[in-house]
Amino acid sequence: DTLASSAAMGYSWFSWWAITMVVYFVPYGLITAELGSAWPGEGGVYVWVREAFGAKWGSTAAWMYWINNAYWIPSVYLIFAGTFSQMFLKTHSVWQDAAIAIVLTWLTVGVGIVRLEVSKWVPNLGAVVKALIFLALGLFGLSVFLRGKPPANEFSLAKAVPRWNDTLAYLPALLYSTFGFELMSSAGGEMKNPRRDVPRVILWSGALIAVHRLDEKLSRTAFTAEDRA
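Criteria and cut-off values
Residues numbered from 1 in each chain as written. Predicted model: local features only at pLDDT ≥ 70, side-chain atom pairs only at ≥ 80, totals over all residues. Heavy atoms only, no water. 1 Å grid on protein atoms, 1.4 Å probe; cavity = no way out; pocket = protein on both sides within 12 Å on 5 of 7 lines; lining within 4 Å. Points joined across faces, edges and corners; volume = space filled by probe spheres on them. Helix = DSSP H or I, 4+ residues; strand = E, 2+ residues; numbered from the N terminus. Nonpolar A, V, L, I, M, F, W, Y, C, P; charged D, E, K, R; others polar. pLDDT = per-residue confidence, 0-100. Contact = heavy atoms within 4.5 Å. Salt bridge = Lys/Arg side-chain N within 4 Å of Asp/Glu carboxyl O. Buried < 20%, exposed > 50% of the residue type's maximum accessible area, 1.4 Å probe, protein only. Core = buried A, V, L, I, M, F, W, Y, C linked by side-chain atoms within 4.5 Å. Expected span 1.5 Å × (residues − 1). Arc of directions from axis to C-beta. Axes fitted to C-alpha atoms, helices over the stretch in contact; angles between N-to-C directions. Parallel < 35°, antiparallel > 145°, perpendicular 65-115°, else oblique. Left-handed = near helix turned anticlockwise from the far one by under 90°. Phe/Tyr/Trp six-rings, centres within 6.5 Å; stacked < 30°, edge-to-face > 60°.

Things to note about the layout of surface pockets
Here is step 1: Counted as a void, the second largest pocket has a volume near 220 Å³.
Here is step 2: Contributions of two or more residues to the lining of the second largest pocket are made by α2 (13-38) and α11 (194-222).
Here is step 3: In terms of residue class, the lining of the second largest pocket is made up of 11 nonpolar, two polar and no charged.

A closer look at the confidence of the model for the protein
Here is step 1: Taken as a whole, the protein shows an average pLDDT of 78; of its residues, 83% reach a score of 70 or greater.
Here is step 2: Low pLDDT (under 50) marks residues 224-229, which in the prediction has 13 contacts with non-local residues, meaning those over four places away or in another chain.

Focus on the pattern of salt bridges
Here is step 1: Tallied over the entire structure, the rule returns one salt bridge.
Here is step 2: Residues Glu51 and Arg50 are paired through a salt bridge, measuring 3.0 Å at the closest nitrogen-oxygen approach.
Here is step 3: Since its relative accessible area comes to 31%, Arg50 is described here as partly exposed.

Re the nonpolar core
Here is step 1: Among the nonpolar cores identified, the biggest contains 14 residues, and Trp13, Trp16, Trp17, Leu174, Phe181 and Ile202 are the most heavily contacted of them.
Here is step 2: Of all the elements in the fold, those that place two or more residues in this core are α2, α10 (171-176) and α11.
Here is step 3: Broken down by element, the residue count for this core peaks at eight residues, all from α2.
Here is step 4: Among all residues touching Phe181, those that are not within four sequence positions of it are Phe25, Tyr28, Gly29, Thr32, Ile202, Ser205, Gly206 and Ile209.

Brief notes about helix α6 (residues 94-113)
Since the α-helix advances by 3.6 residues per turn, residues separated by three or four positions end up pointing in the same direction.
Here is step 1: An ideal rise of 1.5 Å per residue puts 28 Å on 20 residues; α6 measures up with 29 Å between its terminal C-alpha atoms.
Here is step 2: Listing the buried residues of α6 in full gives Asp97, Ile100 and Ala101. Here the buried residues of α6 occupy an arc of 95° about the axis, which is enough to place them on one side. Exposed residues pointing more than 90 degrees away from the buried face of α6 are listed as Trp95, Val103, Trp106 and Ile113.

Focus on the packing of helix α5 (residues 69-89) against α6
Here is step 1: Packing of α5 against α6 leaves a shortest axis separation of 8 Å and a crossing angle of 120°. On the basis of the axis angle, α5 is oblique to α6. For the pair α5 and α6, the crossing hand works out as right-handed. Counted together, Tyr77, Leu78, Phe80, Ala81, Gly82, Phe84, Ser85 and Leu89 of α5 and Gln96, Asp97, Ala98, Ile100, Ala101, Leu104, Thr105 and Thr108 of α6 form the full contact between these two elements.

Brief notes about the packing of aromatic side chains
Here is step 1: Within the structure shown, the criterion is met by six aromatic pairs.
Here is step 2: Feature note: the residues Tyr24, Tyr28 and Phe179 constitute an aromatic cluster, connected by ring pairs.

With respect to the environment of Met9
Here is step 1: On the secondary structure map, Met9 appears in the loop between α1 (3-8) and α2.
Here is step 2: Note on Met9: relative accessible area 4%, which makes it buried.
Here is step 3: As a C-alpha pair, Met9 and Tyr170 span 161 residues in sequence and 7.0 Å in three-dimensional space.

This is how it looks when you write it as structure tokens:
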């Protein structure tokens, strides 16, 4: 969901990504790994804030953390409904899109209330499919480049230097791509050994996110203008 904004940054994305990794991504991972292993109880962010400031502020933090889903999930499903309608149903209406979004919302609720042992396979499968899609795109972009076609973006040191111009406007999208380490601790009570597994998962997921984003960006920068069109 941040692919277009990342591509708009051009070749300087690689420099900004390196800066983000060092300044934000690594400290963020270390902090959440420490909190998740020290206070592994059910609740994640709520538990951490409650232990520091009390139940009132723990509840406030949990509310602010989760309330965005009330707006984010429907907006994603409405976009999906519109795209799905145009591609497969060949019809389009507000009521049709709303009906599709409502069905998907209740499916999400159903997945969310079953045991983690069962529901974990839904995001796991989605992550595997997404990784395979972007791996295929990355390989395709590199194959185009290796066949001798000029890339759509200029690869040079001058273009790689981060600039405080319009690329700065895309940094929030870049940071958004690194969020989510703390989410797993919300189900800490259902983990067999969270003190061991949370830091280990953050390490592996952080490495995979870094590689995945590089592969994704290479696929966008390597395509020729003709191929993109």
